[in-house]
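Inside the fold
For reference, the chains in residue letters:
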Amino acid sequence: MANEFPQVLTIAGVDSDGSAGAQADLHSFFMRGTYGTLILTAAVAGNSYGIFDSVVMPVDFINKQFDVLADDLHIRAAKTGMLADAATMKAVAANLTKYDFGALVLDPVISTKHGNTLMEEEALSTLKNVLLPLTTVITPNFYETQHLVGRELHSDADIAEAAAEIQAMGAKNVVLKGRHDSDDQTEVRDYILLENGKHFWLTGPYFATERKNGTGDTLSAVITAELGKGTAVEDAIRIAKHFVDTAIQNEIAVGHKFGPINHWAVPIVLPKQTEE
């Protein structure tokens with residue numbers, strides 16, 4: 001029967017070298033046994049050396065993509081990636097309110113894992129006030145968390161307090177990704193605060209490698225795929241953490257400098273088949 005296979009969505013930009021953005025999301029969806037769809041918000045001209053140009057999609061085109069997917073497919077979970085400006089965010093939020101695309105995973109592309117800001121102030125305000133209240137799971141990196149709460153974080157207690165603040169803004173479940181920007185560290189610790197009040201740290205090894213492009217996209221995409229299959233939120237987060245750690249650990253040589261992680265290091269999860 002049409003639309004029985006689990007279908008999920010990424011609302012994101014495409015990166016021409018395929019290491020991050022929608023391509024990383026679609027790789028993740030495929031590897032977790034879901035059918036991935038895309039609403040294109042931007043296109044980036046980049047390779048392993050850097051980003052050299054970008055184009056933002058018109059709002060009318062973004063709206064039309066929502067319309068045609070809603071008219072035909074059964075999207076069970078969605079995630080956001082690169083939402084370049086406030087107009088894009090408002091259009092995405094309006095469509096997510098108009099159409100039921102299931103659980104929403106918000107990957108707030110505010111800054112890089114090294115702290116470089118990618119979002120203007122108006123867009124940040126729109127993200128907090130318009131998109132956050134729609135969010136099932138939010139997955140900011142360390143620096144994005146600081147932007148969301150408006151201050152620096154120096155301790156575990158600071159991070160736990162920030163998670164509670166972000167949850168109070170509207171996100172039901174909060175995944176605060178730990179810092180991974182120093183080759184002196186040996187582990188990466190993520191802080192999790194669930195809707196039911198449960199909170200804990202997820203710790204994984206730190207891998208000293210330049211092949212880490214797409215880690216944040218992949219984490220949020222795997223969570224999205226799992227939610228689309230009906231996996232519980234906590235289990236989805238744990239699966240995603242393991243997936244990303246394994247994909248980083250098993251490098252592939254693509255590009256000359258900052259390369260992608262290896263989605264193929266994790267076995268494909270095939271969808272369950274029903275016998276008649």
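Each remark here, short or long, concerns the structure printed above.
Residues numbered from 1 in each chain as written. Predicted model: local features only at pLDDT ≥ 70, side-chain atom pairs only at ≥ 80, totals over all residues. Heavy atoms only, no water.

Another point: the overall build of the chain. The secondary structure content of the chain amounts to eight helices and nine strands. Against the compact-globule benchmark of 19 Å for 276 residues, the chain has a radius of gyration of 17 Å, which places it among compact chains. Based on the C-alpha atoms only, the size of the chain along its principal axes is roughly 50 × 45 × 40 Å. Looking at the 276 residues of the chain, the share that counts as buried comes to 51%. Considering only intrachain contacts with a sequence separation of at least 6, the fraction spanning at least 24 residues in the chain is 68%. Accessible area for the chain stands at about 12,600 Å²; split by element, carbon and sulfur atoms hold 53% of it. (Helix = DSSP H or I, 4+ residues; strand = E, 2+ residues; numbered from the N terminus. Rg over C-alpha atoms; globule rule 2.2 N^0.38 Å. Buried < 20%, exposed > 50% of the residue type's maximum accessible area, 1.4 Å probe, protein only. Contact = heavy atoms within 4.5 Å. Areas by Shrake-Rupley, 256 points an atom, 1.4 Å probe, with all protein chains shown as cover.)

Attention now goes to the environment of lysine 257. In this fold, lysine 257 is placed in the segment after α8 (233-249). You can call lysine 257 partly exposed: its relative accessible area is 30%. Placed 46 residues apart in sequence, lysine 257 and arginine 211 show a C-alpha to C-alpha distance of 7.6 Å. Among residues more than four places away in sequence, those in contact with lysine 257 are Ser48, Tyr49, Glu210 and Arg211.

On the surface, a nonpolar cluster with roughly 350 Å² of combined accessible area is contributed by Phe30, Ile268 and Leu270. With respect to the helices, strands and loops of the structure, leucine 270 is situated in the segment after α8. (Patch = residues over 30% accessible without salt bridge, like charges linked within 9 Å, V, L, I, M, F, W, Y side chains within 5 Å. Salt bridge = Lys/Arg side-chain N within 4 Å of Asp/Glu carboxyl O.)

Packed helices, taken two at a time, are described by their axes: the angle between them and the distance between them. Packing of helix α1 (residues 22-31) against helix α7 (residues 215-228) leaves a shortest axis separation of 8 Å and a crossing angle of 40°. Classified by the interaxial angle, the pair formed by α1 and α7 is oblique. For α1 against α7, the interelement crossing comes out right-handed. Contacts between α1 and α7 involve Ala24, Asp25, Ser28 and Phe29 from the first element and Asp217, Thr218, Ala221, Val222, Thr224 and Ala225 from the second. Of the residues in the contact of α1 with α7, the class split is five nonpolar, three polar and two charged. (Axes fitted to C-alpha atoms, helices over the stretch in contact; angles between N-to-C directions. Parallel < 35°, antiparallel > 145°, perpendicular 65-115°, else oblique. Left-handed = near helix turned anticlockwise from the far one by under 90°. Nonpolar A, V, L, I, M, F, W, Y, C, P; charged D, E, K, R; others polar.)

Below, the discussion takes up the pattern of salt bridges. If charged atoms from side chains of opposite charge come close, those side chains can pair. Scanning the model with the defined rule gives 12 salt bridges in all. Here lysine 98 makes a salt bridge to aspartate 67, at a shortest N to O gap of 3.9 Å. Residue lysine 98 is found in helix α3 (residues 86-98), and its partner aspartate 67 is found in helix α2 (residues 59-72); the two are separated by 31 residues along the sequence. When its relative accessible area of 57% is taken as the criterion, lysine 98 is described as exposed. Between aspartate 190 and lysine 241 there is a salt bridge; the shortest N-O distance is 3.0 Å. Taken as a pair, aspartate 190 in strand β8 (residues 187-193) and lysine 241 in helix α8 lie far apart in primary sequence, 51 residues in all.

Let us look at the environment of lysine 241. Since its relative accessible area comes to 9%, lysine 241 is described here as buried. Separated by 82 residues in the primary sequence, lysine 241 and isoleucine 159 place their C-alpha atoms 18 Å from one another.

Core analysis: the largest hydrophobic core is formed by 40 residues, its most contacted members being Phe66, Phe101 and Ile166. Beyond its immediate sequence surroundings of up to four residues, phenylalanine 66 is in contact with Ile11, Ile39, Val92, Asn95, Leu96, Tyr99 and Phe101. Counting 28 residues, the second largest nonpolar core, distinct from the first, contains Ile192, Leu219, Ala221 and Ala247. (Core = buried A, V, L, I, M, F, W, Y, C linked by side-chain atoms within 4.5 Å.)

Among the eight residues in helix α5 (residues 142-149), seven count as buried, and that is most of the element. All buried positions along α5 are accounted for by Phe142, Tyr143, Glu144, Thr145, Gln146, Leu148 and Val149. Looking at the buried positions of α5, the neighbouring elements they touch are α4 (121-131), β6 (137-138), α6 (156-169) and β7 (173-176). Between the side-chain oxygen at the start of α5 and the backbone nitrogen of tyrosine 143 there is a gap of 3.1 Å, and the oxygen is on asparagine 141. Within two residues after α5, glycine 150 carries a phi angle of roughly 75°, on the positive side. (Polar contact = N/O pair within 3.5 Å; in protein donor to acceptor, adjacent residues only side chain to side chain.)

For the rest of this paragraph, the subject is the sheet that holds β7. Pairing is mixed across the open sheet formed by nine strands, whose spatial order is β3-β2-β1-β4-β5-β6-β7-β8-β9. The strands lining the two open edges of the sheet, one partner per strand, are β3 (50-56) and β9 (199-205). For strand β5 (residues 103-106) and β6, the ladder comprises two bridges, and the chain directions are parallel. Residue leucine 106 lies in a different strand from β6, and its bridge partner there is isoleucine 138. Across the sheet, α2 is in contact with β1 (7-15) and β2 (35-47); its angle to β2 comes to roughly 155°. Strand contacts of α7: β1, β4 (75-80), β5, β6 and β7, with the helix running at about 165° to β4, the strand carrying the most contacts. (Pairing = 2+ DSSP bridges.)

Turning our attention to the packing of aromatic side chains. Each aromatic ring pair is characterised by the separation of its centres together with the angle its planes make. All told, the structure shown has four aromatic pairs when counted by the stated rule. Ring geometry for phenylalanine 66 against phenylalanine 101: centres 6.0 Å apart, planes inclined by 10°, an arrangement best described as stacked. Placement of phenylalanine 66 in helix α2 and of phenylalanine 101 in the loop between α3 and β5 is noted, with a sequence separation of 35 residues between them. As far as the burial class goes, phenylalanine 66 and phenylalanine 101 line up, both buried. Its end group placed over the ring of tryptophan 201, arginine 189 keeps NZ or CZ at 3.9 Å from the ring centre. (Phe/Tyr/Trp six-rings, centres within 6.5 Å; stacked < 30°, edge-to-face > 60°. Lys NZ or Arg CZ within 6 Å of the ring centre and 35° of its normal.)

Purely spatial values, then, with no claim about function.
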